[in-house]
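# Remarks on the overall topology
What follows is each chain in one-letter form.
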Amino acid sequence: MKPSSSKSNDQKLKICHHKATNPSIKQSALANWAMQEFKLSKVPTQGTISNILAKRQQYENMDSTELTSKRQRAVKHPELDNVLANWVLQCQARRVALSGDLIKEKTRQFAKQLELGERTPEFSNGWLAKFNIRHGFKAQKSYGESGSADLDAIDRNMPTIKEKLQSYSVQDIYNMDKTRLFYRMAPNGTIARHQIEGSKKDKTCLTFVFAANADESHKMEPLIIGHAQRSRAFNRKSGQQLGFYYRSNAKAWMTGLIFREWLQKMDQQMQDANRKVLLLLDNAPSHVVRDLPLTNVQVFLFPANTTSKIQPMDAGIIAAFKRRYRRFQLQDAIDRNEQQKADIYKVDQLIAMKWAKAAWNDISRKTIANCFKHTGLFERETQKNEVGSEEQDIENELKDAINQLPISRPMSVHELINPEKEQQVAHDEISDEDLIKLSVSRSRRRGRW
């Protein structure tokens, strides 16, 4: 293969990471390393290396599609490209055999739904090859049906899971999960039921993605997924500029593409730290790791119908986050009520994100470590997943706060922390109609596509 002088965004990010792990390296040496590492036809200039290093944050916030491109070229029909990629990932999660012809036919259907009209491109084999390259998909071929886990999979699979865990130290075992949060929800039973049932229209929800290791020596930065790329509360700034790891789509849902970006970012972090880790995940439709070139993160998917029992995040970590968030919210409502404000539960998205970040950071090492033990995945385990004294103190604070508010039918603390609709998985399989909604840009919705 003839050497190339151009560099992909992924290669530029690797140059930045090589500099981070070798802080004393000179830019001339870094340029020589890049030429050898990426088989470039010539050594990058000092100015090129300097510009790349200056844009590290920009590369780190790119998704997988942007990273694989050599230039930030705009896809001709980004909405179509996005909806199709998420559809392919969902099919992979269901172990559906996809042929190139099937993908092209589905693309034509999506193009019609998006009303591309005369601008509909020709979906040739060349187009399909470029689509696969953009998203890291291998050539489509048939593969067998998934070996679904039995309903009693916990007892049957626990020995295998424990054996897998024994290959890693406690600090190198991570769990990731997500939750929705109705961040303006009032603790009034009647109001809350009405608000939750209409939450899709209300749009006062965010999705949070949390990850931590078993000894709580590392809580990863939470990923927040909202409805708008730049909420009005952001004052024309991006989530990154405000200090958050933030993504958005019309439904504030976790999609396959967002998950793959998150996982590749985690893998890069572990490369930088020279660590090999195990990541425990539920088998949600968006959790597709096939074809991802992971080097430092090994993914273990829990068997179906087991995560509510053996996933650490579900064993109390997410509940601990919500207790702390609601403590911020109710104290603010008390203050607003004393000031005789009209809508005491209405907060903007930025404030909610700040409270959420503070709530996540406030969860103690002991709480997270205990939740990992409660699952029974480790030899040293507690028999009952009881709320610890620290968590009980917060629940008592929430009860007192609820009693101070003007509420006709107060919710219990359990209802406040675990609203039924909020517990619905934030990345269940998405219908074709919702895939379209998730992928249509704001510019098109405003009639400027």
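Residues numbered from 1 in each chain as written. Predicted model: local features only at pLDDT ≥ 70, side-chain atom pairs only at ≥ 80, totals over all residues. Heavy atoms only, no water.

### Points about helix α12 (residues 256-272)
Along an α-helix, residues three or four apart share an orientation, since each turn contains 3.6 residues. Here is the rule: Counting from the N terminus, the helices are DSSP H or I runs at least four residues long and the strands are E runs at least two residues long. Helix span, expected: 1.5 Å multiplied by one less than the number of residues in the helix. Each residue's exposure class comes from its accessible area (1.4 Å probe, protein chains only) as a fraction of the maximum for that residue type: buried when under 20%, exposed when over 50%, partly exposed otherwise.
With 17 residues, α12 should reach 24 Å at 1.5 Å per residue; the first-to-last C-alpha distance of 24 Å fits that figure. Counting buried positions along α12 gives 12 out of 17 residues, so the element sits mostly inside the fold. Three or more residues of α12 are buried, namely Gly256, Leu257, Ile258, Phe259, Arg260, Glu261, Trp262, Leu263, Met266, Asp267, Gln268 and Met270. A positive backbone phi angle near 55 degrees is found at Asn274, which sits one or two residues after α12.

### Notes on unusual backbone geometry
We note that Lys39 has phi near 55 degrees; this positive angle belongs to a residue other than glycine. Along the chain, Lys39 falls in the loop between α2 (27-38) and α3 (46-54). Positive phi, normally seen in glycine, also occurs at Asn274, with a value near 55 degrees. Summarising the element assignment, Asn274 is placed in the loop between α12 and β5 (277-281).

### Quick look at the packing of α2 against α3
Heads up, the rule is: A fitted line through C-alpha atoms represents every axis, and for helices the fit uses only the stretch in contact; the resulting angles, taken between N-to-C directions, go from 0 to 180 degrees. Between 65 and 115 degrees an angle is taken as roughly perpendicular, under 35 as roughly parallel, over 145 as roughly antiparallel, and anywhere else as oblique. The contact rule is simple, with two residues in contact once any of their heavy atoms fall within 4.5 Å. By the convention adopted, Pro, Cys, Tyr, Trp, Phe, Met, Ile, Leu, Val and Ala count as nonpolar, Lys, Arg, Asp and Glu as charged, and the other residues, Gly among them, as polar.
Contact geometry for α2 and α3: axes closest at 9 Å, N-to-C directions at 90 degrees. Put simply, α2 runs roughly perpendicular to α3. Only Gln46, Ile49, Ser50 and Leu53 of α3 make contact with α2, whose side of the interface consists of Gln27, Leu30 and Ala31. Its residues assigned to classes, the contact of α2 with α3 comprises four nonpolar, three polar and no charged.

### Brief notes about the confidence of the model for the chain
Stated formally: What pLDDT reports is the predictor's confidence in each residue, on a scale of 0 through 100.
Summary statistics for the chain give a mean pLDDT of 79 and a share of 75% for residues scoring 70 or more. Taken element by element, the chain is modelled with least confidence in helix α11 (residues 199-202), mean pLDDT 33, and with most confidence in helix α15 (residues 349-362), mean pLDDT 97. Across residues 190-203 the pLDDT falls below 50, and counting only partners more than four positions away or on other chains, this stretch makes 17 contacts in the model. Segment residues 441-449 is flagged for pLDDT under 50; beyond a separation of four residues in sequence, or across chains, it makes 14 contacts in the model.

### Remarks on the pattern of salt bridges
As a reminder of what qualifies: For this analysis, a salt bridge means a side-chain nitrogen from Lys or Arg found within 4 Å of a carboxyl oxygen belonging to Asp or Glu.
Counting across every chain of the model gives 13 salt bridges. When the shortest N-O distance is used, the salt bridge between Glu391 and Arg323 registers 3.0 Å. Pair noted here: Glu391 is in helix α17 (residues 389-404) and Arg323 is in helix α14 (residues 317-338), with a separation of 68 residues, a long-range link. On the basis of relative accessible area, Glu391 is assigned to the buried category, the value being 6%. A single network of salt bridges, built from pairs that share partners, joins Arg323, Arg324, Arg327, Asp362, Glu390, Glu391, Glu395 and Glu397.

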